[in-house]
Amino acid sequence: MQFFANEAAGGIVLAIAAMLALVVSNSPWRDMYDAFTRIQGTVDIGGFLVLSKPLLLWVNDLWMAVFFFLVGLEIKREFVEGELASRSQAILPAVAALGGMVVPAAIYAAINWGDAAALRGWAIPAATDIAFAIGIVMLLGSRVPTSLKVFLTAVAIIDDLGAIVIIALFYTDNLSLGMLASAGVGAIVLLLLNRAGVRRVDIYIVVGLMIWVCVLKSGIHATLAGVLTALAIPMRDAKGRPLAGALEHGLHPWVAFLVLPMFAFANAGVSLQGMSLGSLFDPVPLGIAAGLVLGKTVGVFGASWLMMRSGLATAPAGASTRQFVGVCMLCGIGFTMSLFIGGLAFQGLSPDFEAKLKLGVLGGSVLAGLLGTLVLWRKTSPR
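None of these values were measured; they are calculated from a predicted model.

Asks: Tell me about the overall build of the chain, residues and numbers included.
Replies: Looking only at helices and strands, the chain features 15 helices and two strands. Relative to a compact globule of 383 residues, whose C-alpha radius of gyration would be 21 Å, the chain shows 21 Å and is just as compact. Expressed as lengths along the three principal axes of its C-alpha atoms, the size of the chain is roughly 65 × 60 × 35 Å. Approximately 17000 Å² of the chain is accessible, and the part contributed by carbon and sulfur atoms is 69%. In the chain, 24 side chains carry a positive charge and 20 a negative one; their mean positions are 9 Å apart.

Written out as structure tokens, the structure reads:
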């Protein structure tokens, strides 16, 4: 309940931050907004380690590593002792999440076929924003059965795991084998700490920061260091009390109310000058929006239907078909992770791609959220 409460409120704050970025970036303060995201920050440790980045990259590389750290804790909890701990519990959301990644990616690729640069964004509509999606179902209250809230959470968490794998495999350039080897040594240290029964979180964090630097300089996206560190932290302390869970609960408000809103504000600003409704039908924004709205619904519901029809999984308890479809539609809210993957996919390309990315993600996410809410709004008796 604490998790759901934070996600619901966090989704509202996230929406406010995104809207504020849109308003400011289309106002006379546009130059101030751009200057804010370009504020230079430098870390210099005796000349041995010098990191100098604009604010936007500090947010995307370091702050989002904290978000991925939390995602790693959530993934570990669910697979070790949560809703995904057994095969029977995990199979429906796991297959649903897979369908919800494959179909949107296929739709995007089909619409952008023949444009090599645009095709780099095939994974953009494959992700679900857990904060926004859970925020909406919590605001809908009893109109959404608890079983569907759990299903949506599990799908979104597995989605995040899939996004992590996609980033590691497909959005990594110019590998530095030396730095990658150093990060590997750090990962081994984390494993040894876990096996030795070390229960001090601060030691894991220090090693994790070292891995973050190595991963940053290796060419793999630095946020993956957050996941690696989280997976190494023991579930319980020496007295059997929750350790990873306590860290997750303590970190959650900071991520929900600071990290993600800051990411949204720094990344959602897109100038609508010169754009029209027709701009949504350009291949890149159309592919993203169609992937999120149509692809997610078809992928998540279709994969779930096949599993239930074949008898390999059971339907969420107390939920009607209409409610199930509505929740599948909400999986099309891809805001945070979609913007993040899009930033990696179109890095180094024309600024025009950035504008199209944001237009497609914002348009598709808003439409998916509205359609899902409309379908779920009317109460119904379970069938």
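Asks: Hey, could you go over helix α2 (residues 30-37) for me, with residue numbers and the actual values?
Replies: Think of an α-helix as turning once every 3.6 residues; residues three or four places apart then point the same way. Taken residue by residue, α2 has Y33, D34 and T37 as its buried positions. Buried residues of α2, viewed axially, fall in a sector of 95°; they line one side. What points out from α2, more than 90 degrees from its buried face, is the exposed set D31 and M32.

Asks: How would you sum up helix α8 (residues 177-195)? Please name residues and give values.
Replies: Under the 1.5 Å per step criterion, the end-to-end length of α8 is 27 Å for 19 residues, consistent within 8% with the ideal 27 Å. Along α8, the residues classified as buried are A183, G186, L190 and L193. The arc that holds the buried residues of α8, viewed along the axis, is 70°, so those residues lie on one side. Exposed and facing more than 90 degrees away from the buried side of α8 are L177, L192 and R195.

Asks: For the pairing of strand β1 (residues 40-45), give the residues involved together with the corresponding values.
Replies: With six bridges joining them, β1 and strand β2 (residues 49-54) adopt antiparallel strand pairing. Within the sheet, the bridge partner assigned to V43 lies in β2 and is L51. Once β1 ends, the chain turns through three residues before running back antiparallel as β2, passing G46 with a positive phi of about 55°.

Asks: Give a description of the nonpolar core that names residues and reports values.
Replies: When a protein is soluble and globular, its nonpolar side chains tend to lie buried together. Counting residues in hydrophobic clusters, the biggest one holds 112 residues, and the most contacted among them are F67, F68, W212 and F335. At 12 residues, the largest contribution of residues to this core is made by helix α3 (residues 55-81). If near-sequence neighbours (up to four positions away) are discounted, F67 is found in contact with V255, V259, L260 and M337.

Asks: Quick rundown of the pattern of salt bridges? Include the residues and the values.
Replies: Counted according to the given criterion, the structure contains eight salt bridges. Between K53 and D61 there is a salt bridge, with its nearest N and O atoms 3.1 Å apart. Take K53: its relative accessible area is 13%, and that puts it in the buried class. Across the pair E248 and R77 runs a salt bridge whose closest N-O atoms are separated by 2.7 Å. Note that E248 is positioned in helix α11 (residues 244-267) and R77 in helix α3, a separation of 171 residues in sequence.

Asks: Could you give an account of the packing of helix α6 (residues 130-139) against helix α7 (residues 146-170), naming the residues involved and the relevant values?
Replies: The relative placement of two packed helices comes down to the angle between their axes together with the axis-to-axis distance. Direction vectors running N to C along α6 and α7 enclose 175°, while the axes themselves pass 10 Å from each other. The angle between α6 and α7 falls in the class roughly antiparallel. For the pair α6 and α7, the contacting residues are I130, A133, I134, V137 and M138 in the first and K149, L152, T153, A156 and I157 in the second. Across the contact of α6 with α7, the residue classes break down as eight nonpolar, one polar and one charged.

Asks: So what about the environment of D237? Which residues, and what values?
Replies: With respect to the element layout, D237 can be found in the loop between α10 (224-232) and α11. Taking the C-alpha atoms as reference points, D237 and R199, 38 residues apart in sequence, are found 5.7 Å from one another. In this structure, D237 is in contact with R199 and L243, ignoring residues within four places of it in sequence. At a separation of 2.9 Å, a polar atom in the side chain of D237 contacts the main-chain amide nitrogen of K239.

So, how was this worked out
- Residues numbered from 1 in each chain as written.
- Predicted model: local features only at pLDDT ≥ 70, side-chain atom pairs only at ≥ 80, totals over all residues.
- Heavy atoms only, no water.
- Helix = DSSP H or I, 4+ residues; strand = E, 2+ residues; numbered from the N terminus.
- Rg over C-alpha atoms; globule rule 2.2 N^0.38 Å.
- Areas by Shrake-Rupley, 256 points an atom, 1.4 Å probe, with all protein chains shown as cover.
- Lys, Arg positive; Asp, Glu negative; His and termini not counted.
- Charge placed at Lys NZ, Arg CZ, Asp CG, Glu CD.
- Buried < 20%, exposed > 50% of the residue type's maximum accessible area, 1.4 Å probe, protein only.
- Arc of directions from axis to C-beta.
- Expected span 1.5 Å × (residues − 1).
- Pairing = 2+ DSSP bridges.
- Core = buried A, V, L, I, M, F, W, Y, C linked by side-chain atoms within 4.5 Å.
- Contact = heavy atoms within 4.5 Å.
- Salt bridge = Lys/Arg side-chain N within 4 Å of Asp/Glu carboxyl O.
- Axes fitted to C-alpha atoms, helices over the stretch in contact; angles between N-to-C directions.
- Parallel < 35°, antiparallel > 145°, perpendicular 65-115°, else oblique.
- Nonpolar A, V, L, I, M, F, W, Y, C, P; charged D, E, K, R; others polar.
- Polar contact = N/O pair within 3.5 Å; in protein donor to acceptor, adjacent residues only side chain to side chain.

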